[in-house]
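Okay, here's what each chain looks like letter by letter:
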Amino acid sequence: MSKKENLLEGQTVIFTGSREPIEALEHARSFGAQTRYLPLVETISRQSKKPDFAGYDWLIFTSRTSAEVFCQLDETVSAKIAAVGDQTAAVLQQHGHSVDFIPKVFSADHFIEEFPPVSGVAKCLFIKGQMAKNTIASMSMQVDEWVVYDTILNIENAKLVVQLKDVIILFASPSAVSAYRQAGGDWSNIRTAAIGHVTKKAILKSGGTVDYTPKKYTYIEVINEIAKGSLSK
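Small disclaimer: the values here were computed from a predicted structure and weren't measured. (Residues numbered from 1 in each chain as written. Predicted model: local features only at pLDDT ≥ 70, side-chain atom pairs only at ≥ 80, totals over all residues. Heavy atoms only, no water.)

Trainee: Explain the pattern of salt bridges to me, please; I cannot follow it from the model alone.
Mentor: Where charged atoms of side chains with opposite charge meet at close range, the side chains can pair. One pass over the full model with this rule turns up seven salt bridges. In this structure, Glu156 engages Lys159 in a salt bridge whose closest nitrogen and oxygen atoms are separated by 3.6 Å. Of this pair, Glu156 and Lys159 both sit in helix α5 (residues 155-162), three residues apart, which is roughly one turn of that helix. The network of salt bridges with common partners includes Arg19, Arg64 and Glu68. (Salt bridge = Lys/Arg side-chain N within 4 Å of Asp/Glu carboxyl O. Helix = DSSP H or I, 4+ residues; strand = E, 2+ residues; numbered from the N terminus.)

As structure tokens, then:
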């Protein structure tokens, strides 16, 4: 997609994740789109007693937020590190940690398929938010969990998003879908984009349809997918 030609001119893309994706916003605008950032979820770090990292063979991270909270500890660890997603891995690497494993598909479902053959018999610590599902813990090996942040639904912003029509709303988590629905949002007069098959399932389960889902679960790729869709029309 070397020639953009304002493929998204006249389109408005609403970003709803917990952090403002500056690069993705600029990427969407480079296609001619209008953009708004209205986060439907917020994350709050927990002040909890840290575990003995020396007792683990692997530390597992499935979100950028959990990696950031961990890195604030400024810990030097001997355990290997597994990360779901390039952005999660990048946070860890920027703070001097080597990332030993990243699944080919950035989701917990694929992680539990790809990780055990790599890790073997190992003792793992899953560093997570309180709303993370038990997918990682379901692996046959020992997986302890350490909750380092809470996710809060931003219903006030959700009410603003509900009022928007003829826009593309980008959902990056099931929590964002929950906030939208709790604010009274339906799926009429909008298009939706979902990052990840879990988020897509949440939209479909609540009666919506998903217009765009990238194969690689990143903001940049979902914008590319939307632009490709405009090109094919």
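Trainee: Even after reading the chapter, I still don't get the sheet that holds strand β1 (residues 12-15), so can you show me in this structure?
Mentor: Note on sheets: strands pair through backbone hydrogen bonds, and any given pair is parallel or antiparallel. Taken in spatial order, the four strands make up an open sheet running β2-β1-β8-β9, and their pairing is parallel. In this open sheet, the two strands that pair with only one neighbour each are β2 (34-37) and β9 (190-194). Put simply, the sheet's adjacent strands are angled 25° from each other on average, direction ignored. Taken together, the four bridges between β1 and β2 define a ladder with parallel strand orientation. (Pairing = 2+ DSSP bridges. Axes fitted to C-alpha atoms, helices over the stretch in contact; angles between N-to-C directions.)

Trainee: For this particular structure, what's the right way to read the UniProt feature "domain: Tetrapyrrole biosynthesis uroporphyrinogen III synthase" (unreviewed entry) in the protein chain?
Mentor: Mapped onto this numbering, the UniProt entry annotates "domain: Tetrapyrrole biosynthesis uroporphyrinogen III synthase" (unreviewed entry) at residues 26-218. Between the C-alpha atoms that bound residues 26-218 the distance is 14 Å, and the span itself is 31% helix and 24% strand. (UniProt positions renumbered as here; feature names shortened; annotations may be inferred.)

Trainee: Can you walk me through the packing of aromatic side chains in this structure?
Mentor: The relative placement of two aromatic rings is captured by the distance of their centres and the angle of their planes. Within the structure shown, the criterion is met by eleven aromatic pairs. Ring centres of Phe53 and Phe70 lie 5.4 Å apart, and the angle between their planes is 85°; on these two criteria the pair is classed as edge-to-face. In this pair, Phe53 is assigned in the loop between β3 (41-45) and β4 (58-61) and Phe70 in helix α2 (residues 64-71), connecting sequence segments 17 residues apart. Each member of the pair, Phe53 as well as Phe70, carries the same accessibility label: buried. An aromatic cluster is built from Phe53, Phe61, Phe70 and Trp146, whose rings are joined through pairwise contacts. (Phe/Tyr/Trp six-rings, centres within 6.5 Å; stacked < 30°, edge-to-face > 60°. Buried < 20%, exposed > 50% of the residue type's maximum accessible area, 1.4 Å probe, protein only.)

Trainee: Quick question: what am I supposed to make of the sheet that holds β3 here?
Mentor: In spatial order, the strands read β3-β7-β6-β4-β5; together these five strands make up an open sheet with mixed pairing. For this open sheet the edge positions go to β3 and β5 (80-83), each flanked by a neighbour on one side alone. Taken over all neighbouring pairs, the strand axes of this sheet differ in orientation by 25° on average, direction set aside. Sheet topology note: the β4/strand β6 (residues 123-129) ladder contains four bridges and is parallel. Within β6, the residue paired with Phe61 across the bridge is Ile127. Running over the sheet, helix α3 (residues 86-94) touches β4 and β5 and is turned about 145° from β5. This element, helix α4 (residues 108-119), spans β4, β5 and β6 of the sheet and lies at about 165° to β4. (Contact = heavy atoms within 4.5 Å.)

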